[in-house]
Amino acid sequence: MSRFWSDLVRELEPYVPGEQPRVADLVKLNTNESPFGPSPAVTAAITAEAAETLRLYPDPQSSALREALATYHGVKPDQVFVGNGSDEVLAHAFVALLKHDAPLLFPDVTYSFYPVYCALFGIDYDTVPLDEAMNVRVADYRRPAGAIILANPNAPTGVALPRDEIRRLLADHPDQPVVVDEAYVDFGGETAIPLIAEHPNLLVVHTMSKSRGLAGLRVGYAIGDAGLIEALVRVKDSFNSYPLGRPVQAGAIASIEDEAYFQDRRAAVIAGRERMTRGLRALGFEVLPSSANFVFARHPDRGGRELAQALRERGVLVRHFSAPRTADFLRITVGTDSQIERLLTALTEILKG
Ligand SMILES: *Cc1c(COP(=O)(O)O)cnc(C)c1O
């Protein structure tokens, strides 16, 4: 704190990312990173690009990357926006599309960055409770709204909404921007991208951090009607013209081009999730049905904070959130087979004690 702070900064309660401790041999299941590295083609592309052109500014429009993403998703390049991680893409969307006189709506249990952006950008919002089973009920969004944002699959629950429910939500709100944050869609959700053609108010946001093993590269993107994309570009060009460096653009293109690697690794994560879910249920945990690369689980006899602490003492990091509706739960990222083994062994010990 310093007396030079603005009133706005004084009032902020920043998002707290999962910790990144520099301790060897930790089983790190707390930030939904991929347990696998990216395709070797990605590291090769980054190295080659860095060797040649770091002296020069990157393409401010990331045109080659946007073309690759447009081809991949079956849309036009002017329907694609890229940013420095999907957090940055979302930040621009909050300013460009989600700030209105009527409140922005999002679930009471969702990505905790959304209220942080609202505070930063002065956006009025209302939260809509998930139902008892932690599902989004789209009928509950039939109320005055300036805009809507949903994470689908939701975080930190992992629960997915079928595309038909998103379709219903869009039918209810033809005049409001609707943002669907699909950070985890590659692990079993249904993408809303096919709905974009008929819904000029729909923006779908993806990240390369989770399913493509590129959290360290910082690449996220949005797909939507060209009019929505233009709004994001206007904000970007009022903030930072060059959000993606040259090696980053080159690495992201190489990832998109290695489809076989992508499919192989995401299938491995899904298989790991099913193994982890069975193991946790065998230990008495209630595990929400996950379509993500993590599970949200609670034990009838032990609190979330206590379990997270006991796991930490055994070198296993998981994420615990202290809000009332989520305090009983642990959010556990799917790891490698041996990490899942270490998690289950540690929990077995803890629950015996
Ligand atoms: C991880 C995550 C993001 C941010 O991803 P980056 O692209 O790494 O910034 C956005 N939304 C949700 C729901 C996430 O879990």
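As the structure is a prediction and not an experimental result, all values here were calculated from the model.

Caption draft 1: How the structure looks around the site of the ligand. Within the structure, the ligand sits among Gly 85, Ser 86, Asp 87, Leu 90, Tyr 111, Asp 181, Ala 183, Tyr 184, Thr 207, Ser 209, Lys 210 and Arg 218. Within the contact set of the ligand, an oxygen atom lies 2.5 Å away from a side-chain nitrogen or oxygen of Thr 207. With respect to the ligand, the side chain of Arg 218 contributes an N or O atom lying 2.7 Å from an oxygen atom. With three residues, the top contributor of residues to the shell around the ligand is helix H4 (residues 86-97). Counted by class, the shell around the ligand contains four nonpolar, four polar and four charged residues.

Caption draft 2: Looking closely at the side chain of His 92. When you line up the elements, His 92 lands in helix H4. The class of His 92 is buried, set by a relative accessible area of 5%. Residues contacting His 92, with those up to four places away along its chain left out, are Phe 81, Leu 232, Val 235, Lys 236 and Phe 239.

Caption draft 3: Representation of the packing of aromatic side chains within the structure. The full count for this structure, using the stated rule, is 13 aromatic pairs. On the numbers, 5.5 Å between centres and 90° between planes, the contact of Tyr 111 with Tyr 114 is edge-to-face. The pair formed by Tyr 111 and Tyr 114 is uniform in burial state, with each residue classed as buried. Site record: aromatic cluster; members linked through ring pairs are Tyr 15, Phe 94, Phe 106, Tyr 111, Phe 113, Tyr 114, Tyr 117, Phe 121 and Tyr 125. Lying across the ring of Phe 36, Arg 265 places its NZ or CZ 5.4 Å from the centre. The ring centre of Phe 294 lies 5.8 Å from the NZ or CZ of Arg 331, which sits over that ring.

Caption draft 4: Local environment of a nonpolar patch on the surface. Taken together, the side chains of Met 1, Trp 5 and Val 9 present a nonpolar region at the surface, about 340 Å² in accessible area. Among the secondary structure elements, Val 9 is positioned in helix H1 (residues 7-11). With a relative accessible area of 36%, Val 9 lands in the partly exposed category.

Caption draft 5: Just the nonpolar core, in detail. Leu 65 and Met 208 are the most contacted members of the largest nonpolar core, which totals 48 residues. Of all the elements in the fold, those that place two or more residues in this core are helix H3 (63-73), strand E2 (80-83), strand E5 (147-151), helix H6 (163-172), strand E6 (178-181), strand E7 (202-207), strand E8 (220-224) and helix H8 (246-257). For this core, the element with the most residues is H8, which contributes five residues. Counting the residues that make up this core, at least three belong to each of domain 1 (2-37 + 260-352) and domain 2 (40-258). Not counting the four nearest positions on each side in its chain, Met 208 is found in contact with Leu 65, Leu 69, Gly 213, Leu 214, Ala 215, Val 219, Tyr 221, Ala 252 and Ile 256. Leu 29, Met 276, Leu 307 and Val 334 belong to the second largest nonpolar core, which has 30 residues in total.

Caption draft 6: Representation of the environment of Leu 343. Of note, Leu 343 is situated in helix H11 (residues 337-352). Residue Leu 343 is classed as buried on the basis of its relative accessible area of 0%. Through-space distance from the C-alpha of Leu 343 to that of Ala 268 is 18 Å; in sequence the pair is 75 residues apart. Beyond its immediate chain neighbours, meaning those up to four positions away, Leu 343 contacts Leu 29, Met 276, Leu 311, Val 316, Val 318 and Ile 332.

Caption draft 7: View of the pairing of strand E10 (residues 294-298). For E10, the buried fraction is high: four of the five residues fall into the buried class. As paired strands, strand E9 (residues 286-287) and E10 are joined by two bridges and run antiparallel to one another. Bridging from a neighbouring strand, Val 287 pairs with Ala 297 of E10. The antiparallel pairing of E9 with E10 creates a hairpin that spans six residues between the two strands. Looking at chain direction, E10 and strand E12 (residues 329-333) are connected through five bridges and run antiparallel. By the bridge assignment for E12, Val 295 is matched with Ile 332.

Caption draft 8: Layout of helix H2 (residues 40-53). Taking 1.5 Å of rise per residue, 14 residues should cover 20 Å, and H2 covers 21 Å from first to last C-alpha, within 8% of that figure. Where H2 begins, the capping side chain belongs to Ser 39, and its oxygen is found 3.0 Å from the backbone nitrogen of Ala 41.

Caption draft 9: Just the environment of Glu 306, in detail. Locating Glu 306 in the fold gives a position in helix H10 (residues 304-313). The spatial distance from the C-alpha of Glu 306 to the C-alpha of Ile 350 is 10.0 Å, given a sequence separation of 44 residues.

Caption draft 10: Examining the packing of H4 against helix H7 (residues 226-236) more closely. At their nearest, the axes of H4 and H7 sit 9 Å apart, and the two run at 105° to each other. With respect to H7, the element H4 is oriented roughly perpendicular. The residues of H7 that touch H4, namely those facing Val 89, His 92, Ala 93, Val 95, Ala 96 and Leu 97, are Leu 228, Ala 231, Leu 232, Val 235 and Lys 236. Tallied by class, the residues present in the contact of H4 with H7 amount to nine nonpolar, one polar and one charged.

Reading the values: rules and limits
Residues numbered from 1 in each chain as written. Predicted model: local features only at pLDDT ≥ 70, side-chain atom pairs only at ≥ 80, totals over all residues. Heavy atoms only, no water. Near = heavy atom within 4 Å. Polar contact = N/O pair within 3.5 Å; in protein donor to acceptor, adjacent residues only side chain to side chain. Helix = DSSP H or I, 4+ residues; strand = E, 2+ residues; numbered from the N terminus. Nonpolar A, V, L, I, M, F, W, Y, C, P; charged D, E, K, R; others polar. Buried < 20%, exposed > 50% of the residue type's maximum accessible area, 1.4 Å probe, protein only. Contact = heavy atoms within 4.5 Å. Phe/Tyr/Trp six-rings, centres within 6.5 Å; stacked < 30°, edge-to-face > 60°. Lys NZ or Arg CZ within 6 Å of the ring centre and 35° of its normal. Patch = residues over 30% accessible without salt bridge, like charges linked within 9 Å, V, L, I, M, F, W, Y side chains within 5 Å. Areas by Shrake-Rupley, 256 points an atom, 1.4 Å probe, with all protein chains shown as cover. Salt bridge = Lys/Arg side-chain N within 4 Å of Asp/Glu carboxyl O. Core = buried A, V, L, I, M, F, W, Y, C linked by side-chain atoms within 4.5 Å. Domains from an automatic or database assignment. Pairing = 2+ DSSP bridges. Expected span 1.5 Å × (residues − 1). Axes fitted to C-alpha atoms, helices over the stretch in contact; angles between N-to-C directions. Parallel < 35°, antiparallel > 145°, perpendicular 65-115°, else oblique.

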